[in-house]
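The chain contents come next:
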Amino acid sequence: MALGICSTLAVTNRVANGIAMGLAVVFVTVASSVTIALIRKITPRRIRIVIYVTIIATYVMIADRYLKAYRPAISEQMGPYVALIITNCIILGRAESFAAANNPWRAFWDALGMGFGYALSLLIISVVREALGFGTLMGYPIMGRNWTPWVVMSMPPGAFLVLGVFIWTLRSVSKPKA
Amino acid sequence: MTLFAILFATLFTNNIALTYFLGICPFIAVSRDIKTAWGMGCAVTFVMVITAAVNWHVYHLLLVRFHVEYLQYLSFIIVIAAMVQIVEIVVERFFPILHINMGVFLPLITVNCAILGLSLFMVLRDYAFVHGLVFALGGGMGWTLAIVAMAGLRARLIFADVPEALEGPGITIIIAGIMSLAFMGFAGIVSA
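Position numbers for residues count from 1 along each chain, tracking the sequence in the order it is written. Starting at A for chains and at 1 for ligands, labels are handed out in the order in which the entities are written. With the structure being a predicted model, the display of local features is reserved for residues of pLDDT at least 70 and the display and counting of side-chain atom pairs for 80 or more, all residues being used for whole-chain, interface and lining totals. With hydrogens and water stripped out, all remaining heavy atoms of the structure feed into the side-chain values.

> Even after reading the chapter, I still don't get the overall build of chain B, so can you show me in this structure?
Starting at the N terminus, helices and strands are each numbered in turn, a helix being any DSSP run of H or I of at least four residues and a strand any DSSP run of E of at least two. Helix and strand content of chain B: nine helices and zero strands. For this measure, only C-alpha atoms enter the radius of gyration; the expected value for a globule follows 2.2 Å times N^0.38, where N is the number of residues. Its C-alpha atoms give chain B a radius of gyration of 17 Å, within 12% of the compact-globule value 16 Å for 192 residues. Expressed as lengths along the three principal axes of its C-alpha atoms, the size of chain B is roughly 60 × 45 × 30 Å. Accessibility here uses a 1.4 Å probe with only protein chains present; expressed as a share of the type maximum, an area under 20% marks a residue as buried, one over 50% as exposed, and anything in between as partly exposed. Counting every position in chain B, which comprises 192 residues, the buried fraction comes to 54%. Once local pairs closer than 6 in sequence are excluded, the contacts in chain B between residues at least 24 apart make up 79%. Carbon together with sulfur atoms contributes 72% to the accessible area of chain B, which is approximately 8,600 Å² in total. Residues scored as positive are Lys and Arg, those scored as negative are Asp and Glu, and His as well as the terminal groups of each chain are ignored. The atom standing in for a charge is NZ when the residue is Lys, CZ when it is Arg, CG when it is Asp and CD when it is Glu. The centroid of the 7 positive side-chain charges in chain B is displaced by 8 Å from the centroid of its 8 negative side-chain charges. Here, residues are in contact when the closest pair of their heavy atoms is within 4.5 Å. Per-residue and other accessible areas were derived by the Shrake-Rupley procedure at a 1.4 Å probe size, with only the shown protein chains allowed to occlude residues.

This is the structure in structure tokens:
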């Protein structure tokens, strides 16, 4: 859970951004995992990282062009953080530890699960931040008329605090690993 | 905008770790003790300035000229991966002492989003070459400042009674939140 949090923090101030980011990550993870699994037998071991990064960057570029064309408002708000999916440790981590050693079919399901797990965390964090920071959900007011927005939640410190509490909750609920 | 304003802004008011969330993974993972944090910070600053210098030329002389700006992600990340490799070889060959100190961190830097993010922000804001260099220098120093401060705070944490589930990444992120609040106090002095 400590992996890939750079983009988590930056785009989760509104739910719409969180969802867009989550879906983009799912797409990139799945596409690049399958590609890497397909070429796993002809990839020279020594330069594999560069190859993986190039493949990931290509899919990120596709996702970014798509967002720019069909969701310009969201693309505008996320700015360069879409590009930072490239350096999201989760994708490279899965490529290195799973896709490089398994067939494309298994790599596909692994990437899908990983991607949606990540997207779910983004969704939860962005719901909390938008509700507290703006008093809205997807732009609709939900907190009643007398709600005073916690401005700090929509700003950088809020991202850290919500994520910290989120990890705390997760680790309290799940059994601590020995 | 003057060079000094850019430097000050990237160091304090727009610290890349605490307000742009760049390079947070190593920020959490490598901030266990001050010495390691300092080594990592120096390596990041060094690579950041070099890649910013190269990427500026790649973008303005190649991509803009042939109208393929959308290839920037791909070309930037390849430049970064290649530069990290070259820097590692050069440092190992000519500055062995430096290599002992920061060699282990160099391979990790390829996937440090601060490096890529900084190049992207530099292009986005349309900085001239010298401004871009100062931006990269300030960004690296700001990141170093944040990670060393964090390492110092975590050294004190040993004596604190942190709830079990909050230990490790949890408390580190909450500390980062409080640091980020403190850095917001600089806001309004200058803006980048």
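> Even after reading the chapter, I still don't get the nonpolar core, so can you show me in this structure?
Burial of nonpolar side chains together is a common tendency in soluble globular proteins. Among buried residues, the Ala, Val, Leu, Ile, Met, Phe, Trp, Tyr and Cys ones that are joined through side-chain atoms within 4.5 Å form a nonpolar core. In terms of nonpolar packing, the biggest core is built from 106 residues, with A:Ile85, B:Leu18, B:Phe27 and B:Ile109 touching the most fellow members. Considering every element that reaches this core, the biggest residue donor is helix 3 (residues 34–63) of chain B, with 11 residues. What B:Ile109 contacts, discounting residues up to four positions off in sequence, is B:Met40, B:Ala43, B:Val44, B:Val47, B:Val84 and B:Ile115.

> Is there a simple way to explain the environment of A:Pro141 in this structure?
Residues and elements named next belong to chain A. With respect to the element layout, Pro141 can be found in strand 2 (residues 140–141). Distance in space between the C-alpha atoms of Pro141 and Ala20 is 20 Å, their sequence separation being 121 residues. Once residues within four sequence positions are removed from consideration, Pro141 is found in contact with Gly135 and Thr136.

> What is the right way to look at the confidence of the model for chain B in this model?
Interpretation of this model should avoid reading the predicted coordinates in detail wherever pLDDT is low. What pLDDT expresses is the predictor's confidence in each residue, scored from 0 to 100. Looking at chain B as a whole, the pLDDT averages 79, with 91% of positions reaching at least 70. Overall fold confidence for the complex sits at a pTM of 0.78, while the interface term, ipTM, reaches 0.70.

> Even after reading the chapter, I still don't get the environment of B:Asn55, so can you show me in this structure?
All names here are of chain B. Within the secondary structure layout, Asn55 lies in helix 3. Considering only alpha carbons, one finds Asn55 and Ile97, 42 residues apart in sequence, at a separation of 28 Å. Apart from the residues lying within four places of it in its own chain, the contact partners of Asn55 are Phe76, Val79, Ile80 and Ser119.

> In this structure, what is going on with the interface of chain A and chain B? I would like to understand it.
Accessible area lost upon the coming together of the parts serves often as the stated size of an interface. Listed by partner, the interface residues are 37 residues for chain A and 39 residues for chain B. A buried area of about 3,300 Å², summed over both sides, lies between chain A and chain B, and 84% of it is on carbon and sulfur atoms. Take a side-chain nitrogen of Lys or Arg and a carboxyl oxygen of Asp or Glu: if they are within 4 Å of each other, that pair is a salt bridge. There are zero salt bridges connecting chain A and chain B. Two N or O atoms count as a polar contact when they lie within 3.5 Å, although within protein this holds only if one can serve as hydrogen donor and the other as acceptor, and sequence-adjacent residues are included solely when both atoms are side-chain atoms. At the junction of chain A and chain B, the tally comes to zero residue pairs in polar contact (both at pLDDT 80 or more). Of all the secondary structure elements, the ones that give two or more residues to the side of chain A that touches chain B are helix 1 (5–11), helix 3 (48–70), helix 5 (89–97) and helix 8 (156–173) of chain A. Once two parts are put together, the accessible area they lose, assessed with a 1.4 Å probe and summed over both, is termed the buried area.

> Explain the pattern of salt bridges here, please?
Pairing between side chains becomes possible if they bear opposite charge and their charged atoms approach one another. Residues and elements named next belong to chain A. Here the structure, examined in full by the defined rule, presents one salt bridge over all chains. The salt bridge partner of Lys68 is Asp64, with a shortest N-O separation of 3.0 Å. Highlighted residues: Lys68 and Asp64, both in helix 3, separated by four residues, approximately one helical turn. Residue class for Lys68 comes out partly exposed when judged on its relative accessible area of 43%. A relative accessible area of 3% means that Asp64 is categorised as buried.

> I tried to follow helix 9 (residues 169–184) of chain B on my own but got confused; where do I start?
Count 3.6 residues to each turn of an α-helix, and residues three or four apart come out pointing the same way. The span one expects for a helix is its residue count, reduced by one, times 1.5 Å. For helix 9 of chain B, built from 16 residues, the straight-helix expectation of 22 Å at 1.5 Å per residue is met to within 8% by its first-to-last C-alpha distance of 22 Å. Residues of helix 9 of chain B that are buried include every one of B:Gly170, B:Ile171, B:Thr172, B:Ile173, B:Ile174, B:Ile175, B:Ala176, B:Gly177, B:Met179, B:Ser180 and B:Phe183, and no others.

> Please clarify how unusual backbone geometry should be interpreted in this entry.
Glycine aside, residues mostly have negative phi angles, and peptide bonds mostly take the trans form. The backbone of B:Asp126 sits at a positive phi, close to 60 degrees, despite the residue not being glycine. Topologically, B:Asp126 is positioned in the loop between helix 7 (113–124) and helix 8 (129–157).

> Got a minute to help me understand the packing of helix 3 of chain B against helix 8 of chain B in this structure?
Two numbers describe a pair of packed helices, the interaxial angle and the distance between the axes. Residues and elements named next belong to chain B. Angles shown run from 0 to 180 degrees and are taken between the N-to-C directions of axes, each axis being a line fitted to C-alpha atoms and, for helices, limited to the stretch in contact. Orientation of helix 3 relative to helix 8, taken along the N-to-C sense of each, is 165 degrees, at an axis distance of 8 Å. Judged by the inter-axis angle, helix 3 sits roughly antiparallel to helix 8. Considering how the two elements wind past one another, helix 3 and helix 8 form a crossing that is right-handed. Each angle receives one of four descriptions, namely roughly parallel if under 35 degrees, roughly antiparallel if over 145, roughly perpendicular if within 65 to 115, and oblique otherwise. With the far helix as reference, a near helix turned anticlockwise by less than a right angle produces a left-handed crossing, and one turned clockwise produces a right-handed crossing.

> What exactly am I supposed to notice about the environment of A:Ile86 here?
Looking at the secondary structure, you find A:Ile86 in the loop between helix 4 (72–78) and helix 5. In this structure A:Ile86 comes out as buried when scored by relative accessible area, which is 4%. Sequence-wise, A:Ile86 and A:Val25 are 61 residues apart; in three dimensions their C-alpha atoms are separated by 9.5 Å. Excluding residues within four positions of it along the chain, A:Ile86 makes contact with A:Val53, A:Ile56, A:Ala57, A:Val60, B:Tyr73, B:Ile77 and B:Leu116.

> I'm lost on the side chain of B:Thr144 in this one. Help?
All names here are of chain B. Within the secondary structure layout, Thr144 lies in helix 8. At a separation of 3.2 Å, a polar atom in the side chain of Thr144 contacts the side chain of Thr45. With residues near it in sequence (within four places) discarded, Thr144 still touches Trp38, Gly41, Cys42 and Thr45.

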